[in-house]
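So the chains spell out like this:
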There are 2 protein chains.
Amino acid sequence: MLRQGIGDDAAVIRPRGAVELWVVTTDLLLEGIDFRRSWTRPEQLGHRALAVNLSDIAAMGARPRFYTVALGLPRDCRRGWIDRFYQGMTALGRRHRAHLVGGDLSASQHGIHVSVTVLGESLARNVVLRSGGRAGDLLYVTGTLGKSAAGLELLERGRRRVSPPARAAIAAHLWPEPRCDAGLWLTRRGVARAMIDLSDGLSMDLPRLARASGTGAEVAADRLPVFAASGRWGADPLRLALDGGDDYELLVAVRSRDAARLEAEYPTSLPPLTRIGRLTAQAGVRIARGRGGGPSPLPPRGHDHFRGGV
Amino acid sequence: MLRQGIGDDAAVIRPRGAVELWVVTTDLLLEGIDFRRSWTRPEQLGHRALAVNLSDIAAMGARPRFYTVALGLPRDCRRGWIDRFYQGMTALGRRHRAHLVGGDLSASQHGIHVSVTVLGESLARNVVLRSGGRAGDLLYVTGTLGKSAAGLELLERGRRRVSPPARAAIAAHLWPEPRCDAGLWLTRRGVARAMIDLSDGLSMDLPRLARASGTGAEVAADRLPVFAASGRWGADPLRLALDGGDDYELLVAVRSRDAARLEAEYPTSLPPLTRIGRLTAQAGVRIARGRGGGPSPLPPRGHDHFRGGV
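Report on the accompanying structure. (Residues numbered from 1 in each chain as written. Chains lettered and ligands numbered in written order. Predicted model: local features only at pLDDT ≥ 70, side-chain atom pairs only at ≥ 80, totals over all residues. Heavy atoms only, no water.)

**Observations concerning the overall build of chain A**
A tally of helices and strands in chain A yields eight helices and 13 strands. For 310 residues, the compact-globule formula gives about 19 Å, and the C-alpha radius of gyration of chain A, at 19 Å, lands near that figure. Dimensions of chain A along its principal axes, counting C-alpha atoms only, are 55 × 55 × 35 Å. The burial tally for chain A puts 61% of its 310 residues in the buried class. Looking at chain A as shown, the accessible area adds up to about 11800 Å², and 47% of this sits on carbon and sulfur atoms. In chain A, 44 side chains carry a positive charge and 31 a negative one; their mean positions are 2 Å apart. (Helix = DSSP H or I, 4+ residues; strand = E, 2+ residues; numbered from the N terminus. Rg over C-alpha atoms; globule rule 2.2 N^0.38 Å. Buried < 20%, exposed > 50% of the residue type's maximum accessible area, 1.4 Å probe, protein only. Areas by Shrake-Rupley, 256 points an atom, 1.4 Å probe, with all protein chains shown as cover. Lys, Arg positive; Asp, Glu negative; His and termini not counted. Charge placed at Lys NZ, Arg CZ, Asp CG, Glu CD.)

Structural data, given as structure tokens:
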């Protein structure tokens, strides 16, 4: 009944007699590591804690259904704080038709801890694993890469009243939008062979998909949907697109023969889909920087949750 | 598909097409609140974090199946610590045939946080809620009450090399044993009308069952299976049985006409079952102390996870 354990975006379970598979995922957010209270409102934290888990469900091509929350709170967090936290969380849950079904609340001596577990349900018996890719598959990403990291840099510098693109970057960091609809569309159409969500940056998450699929990968720098506006305030859009975490976009591997159909049929109502490279028979992940010369290895410099910190 | 949300030991879900119901529960343990690192070995913490969740599954009359773990660790916890933590957890999981299916590991700036979510499966469509009791039902508990709290008091006083009963009390605190087998037996035989696990002490958890069932309750002090040995080191066994947390025994309401059959058939291989009182039409929870005079109100002085601390 256990179809896929640790090592994908979510575990896969088959309840006896059920047609659909169930997927389950859990993520932890800790104050000082994943967020700072000084620039995160309770609603945003509630939203974000659920969003990062919904993103894992999206990357399995599954529908979120139920979630539980374990919340450790310092004694200075009052009733109003908790109410606002749950408002942010349940508002996002409602939009994705996911129901809060349980939780645990505990006093904490140091900082806020939020751990969320989401249960999702597959379309029929169809889930998309990281391991389904094959050499020659084309790689696509949803949305824009490096926007959330650009927002985080601004928050860390304490810059709040800033230009519209800066505000958009900050919003991308504080209100990440899980790509559930895109994940379901790609799965329902049968074009997603392998999928992962970009939580730790492309340079960390692409090697995970490639290794699981038994392939290497190559991406083209000039094809990446970078957040160019961050260059205006001195950031490096390409570096943020490669190494910035918290984008929660989907990276998907598609058979090359499905690419034309995908590009023709992908709905404009979903976040834009950009072809960025391909899976290769040669192991390792490389990037073509378009400066002449061949592609060079892409060092994994993204966010590592155990080493990293805000 | 959601049968029971927040407010019972676990939420109840019915996957489309499945015969069995699924139950899901989550619990958080925080350093300094739920345990101290100075007297908790990593194996014990791993065991305990899973045990408290298995206990919730037991109280639903369900079988544990899968679990996920979110672990926040200070940087001074090394690989060896993590390995030992998982050894303690998976050893308990194996005994109850529950599989670890996913997790998240994060650095923590302050203290250890462990949040576990367990998925369980019902026997057929049969789960036992807190709310199924009726006035006149008899109340039973498994095991001994106040033993874990007696052990905690010894740990807090720094007493380690102590008498056999003191060592038993400390073991009860550090290695709580979820009553999954008893919960399943009581459910399979159809005698459990309402059930709850005693995590916060009888004086906190009995009112929860009674309120959910729309009844009051009365217990007899001289019937409680107290841990009498704690009197030897100056503790009050009755107070610990009423107000001590972390026993993880089951409290179950049984139709009075089922009592004789239950007492005749309950297997000696399971932890002992003791009749301690009954549910009453009169609201509120009372205790008969056997000093003459009628029963008096039982004040809820057990552990409240949001106010409390180790």
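**As for the packing of helix α1 (residues 42-59) of chain A against helix α2 (residues 79-95) of chain A**
Residues and elements named next belong to chain A. Following both chains from N to C, one finds α1 and α2 inclined at 40 degrees, their axes separated by 6 Å at the closest point. Classed by the angle they form, the pair α1 and α2 counts as oblique. Once α1 is placed against α2, the crossing between them reads as right-handed. Seen from α1, the contacting residues are P42, E43, L45, G46, H47, A49, L50, A51 and L54; seen from α2, they are W81, R84, F85, G88, M89, L92, G93 and R95. Grouping the amino acids of the contact of α1 with α2 by side-chain chemistry returns 10 nonpolar, four polar and three charged. (Axes fitted to C-alpha atoms, helices over the stretch in contact; angles between N-to-C directions. Parallel < 35°, antiparallel > 145°, perpendicular 65-115°, else oblique. Left-handed = near helix turned anticlockwise from the far one by under 90°. Contact = heavy atoms within 4.5 Å. Nonpolar A, V, L, I, M, F, W, Y, C, P; charged D, E, K, R; others polar.)

**Details of the relation of the copies chain A and chain B**
Between the two copies, chain A and chain B, the superposition gives an RMSD of 0.0 Å; the rotation angle is 180 degrees and the shift along the axis is 0.0 Å. The superposition operator between the copies reduces to a two-fold rotation axis. Relative to the rotation axis, the C-alpha of A18 of chain A is the closest in chain A, positioned 2.2 Å from it. (Least-squares fit on C-alpha atoms with pLDDT ≥ 70 in both.)

**Observations concerning helix α6 (residues 202-213) of chain B**
All names here are of chain B. With 12 residues, α6 ought to run about 16 Å at 1.5 Å a step, and its terminal C-alpha atoms sit 16 Å apart, in line with that. α6 sits mainly inside the fold: nine of its 12 residues count as buried. Of the residues one or two after α6, G214 is the one with positive phi, at around 70 degrees. (Expected span 1.5 Å × (residues − 1).)

**Examining the side chain of E20 of chain B**
Structurally, E20 of chain B is set in the loop between β2 (11-13) and β3 (22-30). If near-sequence neighbours (up to four positions away) are discounted, E20 of chain B is found in contact with R16 of chain A together with P15, E121, S122 and A124 of chain B.

**Notes on the sheet that holds strand β13 (residues 296-297) of chain A**
Residues and elements named next belong to chain A. Strand order in the open sheet formed by seven strands is β8-β10-β7-β11-β9-β12-β13, with mixed pairing between adjacent strands. Both outer strands of the open sheet, β8 (194-198) and β13, are each paired with one neighbouring strand and no more. Here five bridges tie β8 to strand β10 (residues 249-254), and the two strands are oriented antiparallel to one another. Paired with L198 across the strands is E249, a residue of β10. (Pairing = 2+ DSSP bridges.)

**Considerations on unusual backbone geometry**
Residue and element names in this part refer to chain A. Phi at R97 is positive, roughly 55 degrees, even though this residue is not glycine. Relative accessible area serves as the criterion here: at 66%, R97 is assigned to the exposed category. Of note, D246 is a non-glycine position whose phi angle comes to about 70 degrees, a positive value. Mapped onto the elements of the fold, D246 is located in the loop between α7 (237-243) and β10.

**Focus on the interface of chain A and chain B**
Each side of the interface is counted separately: chain A has 53 residues, and chain B has 53 residues. When chain A packs against chain B, close to 4200 Å² is buried across both sides, 64% of that on carbon and sulfur atoms. Taken together, the connections running from chain A to chain B amount to four salt bridges. Close ionic contact of R16 of chain B with E121 of chain A constitutes a salt bridge, the shortest N to O distance being 2.9 Å. At the junction of chain A and chain B, the tally comes to nine residue pairs in polar contact (both at pLDDT 80 or more). Sorting elements by how many residues they give to the side of chain A that touches chain B places strand β4 (residues 62-73) of chain A first, with nine residues. Residues belonging to the side of chain A that touches chain B are distributed by class as follows: 25 nonpolar, 17 polar and 11 charged. (Buried area = accessible area lost by both parts, 1.4 Å probe. Salt bridge = Lys/Arg side-chain N within 4 Å of Asp/Glu carboxyl O. Polar contact = N/O pair within 3.5 Å; in protein donor to acceptor, adjacent residues only side chain to side chain.)

**Focus: the pattern of salt bridges**
Inspection of every chain in the model, using the stated rule, returns 46 salt bridges over all chains. Close ionic contact of R37 of chain A with E31 of chain A constitutes a salt bridge, the shortest N to O distance being 3.2 Å. Connected through salt bridges with shared partners, the residues R16 of chain A together with E20, R63, R65 and E121 of chain B form a single ionic network.

**A few points about the side chain of S230 of chain A**
For S230 of chain A, the position within the fold is in the loop between β9 (216-220) and α7. Ignoring anything within four residues of it in the chain, the contact list for S230 of chain A reads A150, A235, P237 and L240 of chain A.

**A word on the packing of aromatic side chains**
Throughout the structure, instances matching the rule amount to 10 aromatic pairs over all chains. Summarising the aromatic geometry, the rings of W22 of chain A and F66 of chain A are spaced 6.1 Å apart at their centres and angled 5 degrees between planes, so their arrangement reads as stacked. Placement of W22 of chain A in strand β3 (residues 22-30) and of F66 of chain A in strand β4 is noted, with a sequence separation of 44 residues between them. Each member of the pair, W22 of chain A as well as F66 of chain A, is classed as buried. Ring geometry for W185 of chain B and Y266 of chain B: centres 5.4 Å apart, planes at 85 degrees, overall edge-to-face. Note that W185 of chain B is positioned in helix α5 (residues 180-188) and Y266 of chain B in the loop between α8 (259-265) and β11 (273-280), a separation of 81 residues in sequence. When sorted by exposure, W185 of chain B lands in the same class as Y266 of chain B, which is buried. (Phe/Tyr/Trp six-rings, centres within 6.5 Å; stacked < 30°, edge-to-face > 60°.)

**Structural notes on the pairing of strand β7 (residues 138-142) of chain B**
Residues and elements named next belong to chain B. With five of its five residues buried, β7 lies for the most part within the structure. Pairing of β7 with strand β10 (residues 249-254) involves four bridges; the strand directions are antiparallel. Residue pairing in the sheet places V141 in a bridge with L251 of β10. Direction of pairing for β7 relative to β11: antiparallel, over a ladder of five bridges. When the bridges of β11 are listed, L138 appears paired with R278.

**Re the environment of H173 of chain A**
Residues and elements named next belong to chain A. In this structure, H173 sits in helix α4 (residues 164-174). Between the C-alpha atom of H173 and that of G245, which follows or precedes it by 72 residues, the distance is 9.6 Å. In contact with H173, not counting residues within four places along its chain, are W39, R48, S148, G151, L152, L155 and D246. Of the polar contacts made by the side chain of H173, one reaches the side chain of S148; its length is 2.9 Å.

That's the geometry; what it means functionally is another story.
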